[in-house]
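Fold and geometry: a report
Here is what each chain is made of, one letter per residue.
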Amino acid sequence: SIWGQPLYLNGITIGGKARNVVYVTTNNDSVYAFDADSGALLWKTNFLSTGVTAVAGTSVKISNQTGILGTPAIDLKEQALYVVAETSENNATYFPHRLHALNILTGKEMFGGPVLISNPDLPTLYKFQRPGLLIANNNVYVAFGSIEDRAPYHGLMFAFDKATLAQTGLFNPTPT
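No experiment lies behind these values; they were computed from the predicted model shown.

1. Quick word on the sheet that holds strand E2 (residues 17–25)
Reading across from one edge, E1-E2-E3-E4 is the order of the 4 strands in this open sheet, with antiparallel pairing throughout. With one partner strand each, in any of the chains shown, strand E1 (7–14) and strand E4 (41–46) form the two edges of the open sheet. Direction aside, neighbouring strands of the sheet carry axes that sit 25° apart on average. One ladder, built from 5 bridges, connects E2 with strand E3 (residues 30–35); its direction is antiparallel. Following the sheet pairing, Tyr-23 is matched in E3 by Ala-33.

If you want it as C-alpha cells, here you go:
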C-alpha cells in the first residue's frame, strides 16, 4: 500500500540523462524512484533485512503494514529525500522508527543515517508517523499522532539537523 504522497521532481540528471522523477514510498518499507515519462524504475531502496521485517497493521484503518506512512520531504540543495520508516526487529514488540536521508539520484543513505527517533520518556509504540515531513530552518521536522486514540497517546514533534541527522529538538504538547 501507498499512504505517503508521491513526490515529483523535474529535470534532474540520473544516469547521465535529464529526467522527470516520481518518488514513491510504501507500507512495506520501500522507496522507489521512477522515470515519470517512461515509468522505468530508476532505483529502489528497501529497509528490510534479516531479522528486520515490516510491521503488521495495528489499526482498523491500516490493516496491512505500517512501514512508511508519512509523506517524505525533499531538499534539493542537499539532494536528499528524508523519510521515516517503522520496522519490526528480531520479533520485538517495540517497533522503532528511523529517519533516513536518501540521495535523490541513487537511493543511498546519506549523512551517516539512518538515526533512531526516540524519546525515553514517551516511546513511539502507540503512535503513527502519519504527518508529512517538513524541512525548515535547516531542520527536518517529524511528527507523530495517536493510533485510534489508544492510551497512552500523545502527539510528538521531533527536529533533526538536515545535514547531520542529529536531534535538535522535541515538542510534546501533553507531557502529563
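2. Comments concerning the packing of aromatic side chains
In this description, an aromatic ring pair is defined by two values, namely the gap between the centres and the angle between the planes. Under the defined criterion, the tally for this structure stands at 4 aromatic pairs. On the basis of an interplanar angle of 10° and a centroid distance of 5.6 Å, the ring pair of Tyr-32 and Phe-34 is categorised as stacked. Judged by relative accessible area, which is 26%, Phe-34 ranks as partly exposed. Ring centres 5.8 Å apart and planes at 75° place the aromatic pair Phe-144 and Phe-158 in the edge-to-face group. Residue Phe-144 is found in strand E13 (residues 139–146), and its partner Phe-158 is found in strand E14 (residues 156–161); the two are separated by 14 residues along the sequence. For the pair Phe-144 and Phe-158, a shared accessibility class is recorded, and that class is buried. Within the aromatic cluster, the residues linked to one another by ring pairs are Phe-144, Phe-158 and Phe-160.

3. Some thoughts on the nonpolar core
For soluble globular proteins, the rule of thumb is that nonpolar side chains tend to be buried together. Counting residues in hydrophobic clusters, the biggest one holds 17 residues, and the most contacted among them are Tyr-82, Leu-99, Ile-117, Leu-133, Val-142 and Phe-160. When contributions to this core are tallied by element, the ones reaching two or more residues are strand E7 (80–86), strand E9 (97–103), strand E10 (115–117), E13 and E14. If you look at the next biggest cluster of nonpolar residues, it comprises 16 residues, including Ile-14, Val-21, Val-31 and Ala-85.

4. Quick word on the environment of Thr-25
Here Thr-25 is to be found in strand E2. Among the residues examined, Thr-25 registers a relative accessible area of 2% and is labelled buried. In the structure, Thr-25 is positioned 58 residues away from Val-83 in sequence and 8.5 Å away in space, judged by C-alpha atoms. Ignoring sequence-local partners within four residues, the contact set of Thr-25 consists of Ser-1, Ile-2, Gly-4, Ser-30, Val-31, Ile-68, Gly-70, Pro-72 and Val-83.

5. Observations regarding the side chain of Asp-35
Tracing the backbone through its elements, the reader meets Asp-35 in strand E3. Of the polar contacts made by the side chain of Asp-35, one reaches the side chain of Arg-19; its length is 3.1 Å. Setting aside anything within four residues of it in sequence, one finds Asp-35 in contact with Arg-19, Asn-20, Ala-40 and Leu-42.

Analysis parameters
- Residues numbered from 1 in each chain as written.
- Predicted model: local features only at pLDDT ≥ 70, side-chain atom pairs only at ≥ 80, totals over all residues.
- Heavy atoms only, no water.
- Pairing = 2+ DSSP bridges.
- Helix = DSSP H or I, 4+ residues; strand = E, 2+ residues; numbered from the N terminus.
- Axes fitted to C-alpha atoms, helices over the stretch in contact; angles between N-to-C directions.
- Phe/Tyr/Trp six-rings, centres within 6.5 Å; stacked < 30°, edge-to-face > 60°.
- Buried < 20%, exposed > 50% of the residue type's maximum accessible area, 1.4 Å probe, protein only.
- Core = buried A, V, L, I, M, F, W, Y, C linked by side-chain atoms within 4.5 Å.
- Contact = heavy atoms within 4.5 Å.
- Polar contact = N/O pair within 3.5 Å; in protein donor to acceptor, adjacent residues only side chain to side chain.

Everything listed here is a matter of coordinates, which is why it stays silent on function.
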